[in-house]
Amino acid sequence: DAAHIGLCLLARDEAETAAELFSYLEMRALSLARQWNIRCTVNTPAETLPVSEETAIECEFLLREAISNAAQHAGAEHIRMAMTVEDNTLLVTLR
């Protein structure tokens with residue numbers, strides 16, 4: 001089974017861009033996996049996705065909750081995370 005997270009990425013002001021979302025979330029996912037003592041494999045697109053710091057933090061909160069739930073409630077020992085963007089929406093799949 002897989003959990004899917006979708007977040008609409010609104011038009012952004014380039015002056016506010018503070019984070020490259022894919023690498024930021026990959027770094028956070030691996031850190032959370034160490035915290036929960038589980039393995040984590042991350043698959044990200046080759047392109048970059050610059051977003052505002054606020055958007056990056058909101059995405060991190062969603063990711064943190066999903067990984068926490070997988071570890072605590074589903075007893076996950078290994079999480080595979082994939083990220084894509086379709087129609088200005090970030091799609092994150094956790095298996």
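Residues numbered from 1 in each chain as written. Predicted model: local features only at pLDDT ≥ 70, side-chain atom pairs only at ≥ 80, totals over all residues. Heavy atoms only, no water.

## Points about the environment of Ala66
Stage number 1. For Ala66, the position within the fold is in helix α2 (residues 53-73).
Stage number 2. Classification of Ala66 by relative accessible area gives buried; the value is 17%.
Stage number 3. Distance from Ala66 to Leu94, taken between C-alpha atoms, is 8.0 Å for residues 28 residues apart in sequence. (Helix = DSSP H or I, 4+ residues; strand = E, 2+ residues; numbered from the N terminus. Buried < 20%, exposed > 50% of the residue type's maximum accessible area, 1.4 Å probe, protein only.)

## Here we look at the confidence of the model for the protein chain
Stage number 1. Of the residues in the protein chain, 80% have a pLDDT of 70 or more, and the chain-wide mean is 80.
Stage number 2. Strand β3 (residues 39-43) holds the highest mean pLDDT among the elements of the protein chain, 92, whereas strand β1 (residues 3-8) holds the lowest, 56.
Stage number 3. The low-confidence segment residues 10-17, where pLDDT is below 50, has 10 contacts with residues more than four positions distant or belonging to other chains. (pLDDT = per-residue confidence, 0-100. Contact = heavy atoms within 4.5 Å.)

## Overview of the nonpolar core
Stage number 1. Judged by nonpolar contacts, the single largest core of 26 residues is most densely connected at Leu21, Leu25, Ile67, Met81, Met83, Leu90 and Leu94.
Stage number 2. Residues in contact with Leu25, not counting those within four places in the same chain, are Ala56, Cys59, Glu60, Leu63, Met81, Met83 and Leu90. (Core = buried A, V, L, I, M, F, W, Y, C linked by side-chain atoms within 4.5 Å.)

## Things to note about the pairing of strand β5 (residues 78-86)
Stage number 1. As paired strands, β3 and β5 are joined by 5 bridges and run parallel to one another. The residue bridging Arg39 from the neighbouring strand is His78, located in β5.
Stage number 2. With 6 bridges joining them, β5 and strand β6 (residues 89-94) adopt antiparallel strand pairing. Bridge pairing in β6 links Met81 to Leu94. (Pairing = 2+ DSSP bridges.)

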